[in-house]
Amino acid sequence: MPPNAGNSAAPLRRDAGQIAASARVASLDVAEPLGSRFARLWTASTTSALGSGLATIAAPLFVAAHTKNPLIVSATTGVAWLPRLLFALPGGVLVDRVDRRRLMVAIDWIRVAVMGVLATALLAGWSSIALLDAALFLINTGEIVFRSASQAMIPAVVPRARLERANGWLVGGTTLMQNMIAGPLGGFLFVLAACVPFYVNAGTYAASAVLVGLVTGTYRAARPVARPDDAARPVRQIRRELAEGFRWLAGQRVLRTMTVLIGLLNLTLTAATAVLVLLVKERLNLGPVGYGTLFASEAAGALLGSACGDWLIRRVTATWTIRIGLLVEAGLHLVLATSRSAYLVGAMLFAFGVHGALWTIVGSSLRQRLTPPEMMGRVASTGLFIAAGGNCVGAVLGGVIAARFGITAPYWAGFVVAALVSAGTWRVFNRATVAQAYAEEPEPALSR
């Protein structure tokens, strides 16, 4: 029971000693299992991540086998990103309106049907890039809503004291499946037949639907009473609920800063990775194998960070996890801008992988700790929308800057931005502020 729960007039506060202890709290009961409900949710998420990873590998292979037009190839990637910009925000409204578990099950079965139709068309020889792009658009539309619903379910499945541990498992499972297993497996299955990766993907979505369906409980957040005119004006209601989510997030200093930071840093990071293949070739003198090995180094770091993230966060505190991560971000750009050593670049990418996993764990856990249950979907989807916007703009910006100022220019720009945001937000993530975030219970949103 939270402090002062018996006195509704008393504010939820803790003394300095309790707050200081909360700064180090992650999952103190590390020996206690996360429970069967989380086990099913984690298995579903990890299985689904494998399927999505297979499609991510197989789709460009299929397009490249049918055309050499770079615009058509890049359009397939654009189609995969577009739903994040179009449907992240309204998807968050949907997540806050319905039972999240049932929504995830419905999305999975729809994705089974879409992938089944695509794979069967490929098997029958009715191959079409337009059909593939349409299927990817639908799949990724479901993915953005599925992710928001999944994040919103976590606080109802595991206790607050174990959120970091649960998020670490989720990050680790996704990293392992999408970044380390799906790549080689997807290529192998595509060699067998173009339809095989998509059939396997349909199977993973079916398994995910069954597993999520086995998670017991109801996961529909209590909502304020709707206004009388809401039913007659649904578009106005959606806009009102989106604005409510934005206002709530704008009023939370820590979450607001984290969200803006991720958008900015995603912009510079995507700008850097968009031309990384050229940097690796021209300055590091590596071929395709070396290029792939660098990404494997980052994935290995992310896997390590997710595996021991809960342990690290408890020891260095969430404050220093965030602050050190900002320094790692700046350091990666500086190394890429100045170094010609493949070993040093690989080591920095490994460190960046650890940082990325830790930031995901801390950011997700803070959002889950601070956000009222009835707004969890909208707040999560707002973060996904801003992050996706940074990725889309950065992908274009990287090429423009490199073409105008040279291949190292995006990395110098990234270093300057990372250094500036580190200095500008250093005090925001001080120990007292972050500790208070860990100590607080989420406050109910204002009634509409």
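Note that this is a predicted model, so its numbers are computed, not measured.

Rules behind the numbers
- Residues numbered from 1 in each chain as written.
- Predicted model: local features only at pLDDT ≥ 70, side-chain atom pairs only at ≥ 80, totals over all residues.
- Heavy atoms only, no water.
- Patch = residues over 30% accessible without salt bridge, like charges linked within 9 Å, V, L, I, M, F, W, Y side chains within 5 Å.
- Areas by Shrake-Rupley, 256 points an atom, 1.4 Å probe, with all protein chains shown as cover.
- Salt bridge = Lys/Arg side-chain N within 4 Å of Asp/Glu carboxyl O.
- Helix = DSSP H or I, 4+ residues; strand = E, 2+ residues; numbered from the N terminus.
- Buried < 20%, exposed > 50% of the residue type's maximum accessible area, 1.4 Å probe, protein only.
- Axes fitted to C-alpha atoms, helices over the stretch in contact; angles between N-to-C directions.
- Left-handed = near helix turned anticlockwise from the far one by under 90°.
- Nonpolar A, V, L, I, M, F, W, Y, C, P; charged D, E, K, R; others polar.
- Contact = heavy atoms within 4.5 Å.

Draft legend 1. Representation of a nonpolar patch on the surface in the model. Taken together, the side chains of Leu82, Leu85, Leu86 and Phe87 define a hydrophobic patch exposed on the protein surface, amounting to about 290 Å² of accessible area. Among the secondary structure elements, phenylalanine 87 is positioned in helix H3 (residues 70–97). For phenylalanine 87, a relative accessible area of 30% translates into the label partly exposed.

Draft legend 2. Representation of the packing of helix H2 (residues 36–66) against helix H6 (residues 163–192) within the structure. At their nearest, the axes of H2 and H6 sit 7 Å apart, and the two run at 35° to each other. Viewed along their axes, H2 and H6 form a crossing whose handedness is right-handed. Each residue belonging to the contact of H2 with H6 can be placed in one class, and the counts come to 18 nonpolar, 10 polar and no charged.

Draft legend 3. The environment of isoleucine 72, seen in detail. Mapped onto the elements, isoleucine 72 comes out in helix H3. Isoleucine 72 sits in the partly exposed class, given a relative accessible area of 32%. Along the chain, isoleucine 72 and proline 60 lie 12 residues apart, while their C-alpha atoms are 10.0 Å from each other. Not counting chain neighbours up to four residues away, the residues in contact with isoleucine 72 comprise Val63, Thr67 and Ile129.

Draft legend 4. Geometry of the pattern of salt bridges. Across all of its chains, the model carries 8 salt bridges by this definition. We note a salt bridge from arginine 97 to glutamate 241, for which the minimum N-O separation is 3.4 Å. Note that arginine 97 is positioned in helix H3 and glutamate 241 in helix H8 (residues 234–250), a separation of 144 residues in sequence. On the basis of relative accessible area, arginine 97 is assigned to the partly exposed category, the value being 23%. Overall, the relative accessible area of 0% leaves glutamate 241 in the buried class. When the shortest N-O distance is used, the salt bridge between aspartate 310 and arginine 314 registers 3.7 Å.

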